[in-house]
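Structural description and commentary
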Amino acid sequence: MLLINGCKKSSRYDVKFLSKIYVENLVIKQKYSQDSLKIMQERLFKNYGITQEEFENELNSFADNQKKWSEFFNEAQNYLTEIQQTKK
């Protein structure tokens, strides 16, 4: 018997993982010029074993889930704070 589930597909990646990529991508955007930006972003996604398209699709899957977005941004803020503290 085949059952069709109308629920949205669950994320393959956890929120903490995605938030780290998000923060590191923001840092790259601030740090590098257009010439180097694409190369550095490609390295970032390759290092995490995810494509930019997969990453964007994962974030888009949060669209209707306020709780997931809140968790994501809390994790991103925590990771950004952690990075800032290690640079002091």
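Residues numbered from 1 in each chain as written. Predicted model: local features only at pLDDT ≥ 70, side-chain atom pairs only at ≥ 80, totals over all residues. Heavy atoms only, no water.

Moving on to the packing of helix α1 (residues 15–31) against helix α4 (residues 66–86). Any two packed helices are characterised by the angle at which their axes cross and by the distance between the axes. Direction vectors running N to C along α1 and α4 enclose 55°, while the axes themselves pass 8 Å from each other. On the basis of their axis angle, the class for α1 and α4 is oblique. The interaxial crossing formed by α1 with α4 has right-handed handedness. Contacts from Val15, Lys16, Leu18, Ser19, Lys20, Tyr22, Val23 and Glu24 in α1 reach Lys68, Glu71, Phe72, Phe73, Glu75, Ala76, Tyr79, Leu80 and Ile83 in α4. Residues that form the contact of α1 with α4 fall into these classes: ten nonpolar, one polar and six charged. (Axes fitted to C-alpha atoms, helices over the stretch in contact; angles between N-to-C directions. Helix = DSSP H or I, 4+ residues; strand = E, 2+ residues; numbered from the N terminus. Parallel < 35°, antiparallel > 145°, perpendicular 65-115°, else oblique. Left-handed = near helix turned anticlockwise from the far one by under 90°. Contact = heavy atoms within 4.5 Å. Nonpolar A, V, L, I, M, F, W, Y, C, P; charged D, E, K, R; others polar.)

Our focus in this paragraph is the confidence of the model for the chain. Looking at the chain, pLDDT values average 88 and 88% of them are 70 or higher. In this model, residues 1–8 is a region of pLDDT below 50 whose contacts with residues beyond four sequence positions or in other chains number one contact. (pLDDT = per-residue confidence, 0-100.)

This paragraph deals with the nonpolar core. One finds Leu18, Ile21, Ile50, Phe55, Phe62 and Phe72 to be the most contacted residues of the largest nonpolar core, which totals 14 residues. Among the secondary structure elements, those contributing two or more residues to this core are α1, α2 (34–48) and α3 (52–60). When sequence neighbours within four positions are dropped, the list of residues in contact with Phe55 reads Leu18, Ile21, Tyr22, Phe45 and Ile50. (Core = buried A, V, L, I, M, F, W, Y, C linked by side-chain atoms within 4.5 Å. Buried < 20%, exposed > 50% of the residue type's maximum accessible area, 1.4 Å probe, protein only.)

Right, let's talk about the packing of aromatic side chains for a bit. Per the stated rule, a full pass over the model turns up ten aromatic pairs. Ring geometry for Tyr13 versus Phe17: centroids 5.3 Å apart, planes at 15°, classification stacked. Overall, Tyr13 belongs to the buried group, its relative accessible area being 14%. Relative accessible area serves as the criterion here: at 22%, Phe17 is assigned to the partly exposed category. Both rings, one in Tyr22 and one in Phe73, keep their centres 5.9 Å apart while their planes meet at 85°; by these two values the pair is edge-to-face. (Phe/Tyr/Trp six-rings, centres within 6.5 Å; stacked < 30°, edge-to-face > 60°.)

Compared with the 24 Å implied by 1.5 Å per residue over 17 residues, the 24 Å span of α1 between its first and last C-alpha is a close match. Buried within α1 are the following residues: Val15, Leu18, Ser19, Ile21, Val23, Asn25 and Ile28. (Expected span 1.5 Å × (residues − 1).)

At their nearest, the axes of α1 and α2 sit 10 Å apart, and the two run at 160° to each other. Overall, the two elements α1 and α2 adopt an arrangement that is roughly antiparallel. The chirality of how α1 crosses α2 is right-handed. Contacts between α1 and α2 involve Phe17, Lys20, Ile21, Glu24, Asn25, Ile28 and Lys29 from the former and Leu37, Met40, Gln41, Leu44, Phe45 and Tyr48 from the latter. Here the residues of the contact of α1 with α2 sort into eight nonpolar, two polar and three charged.

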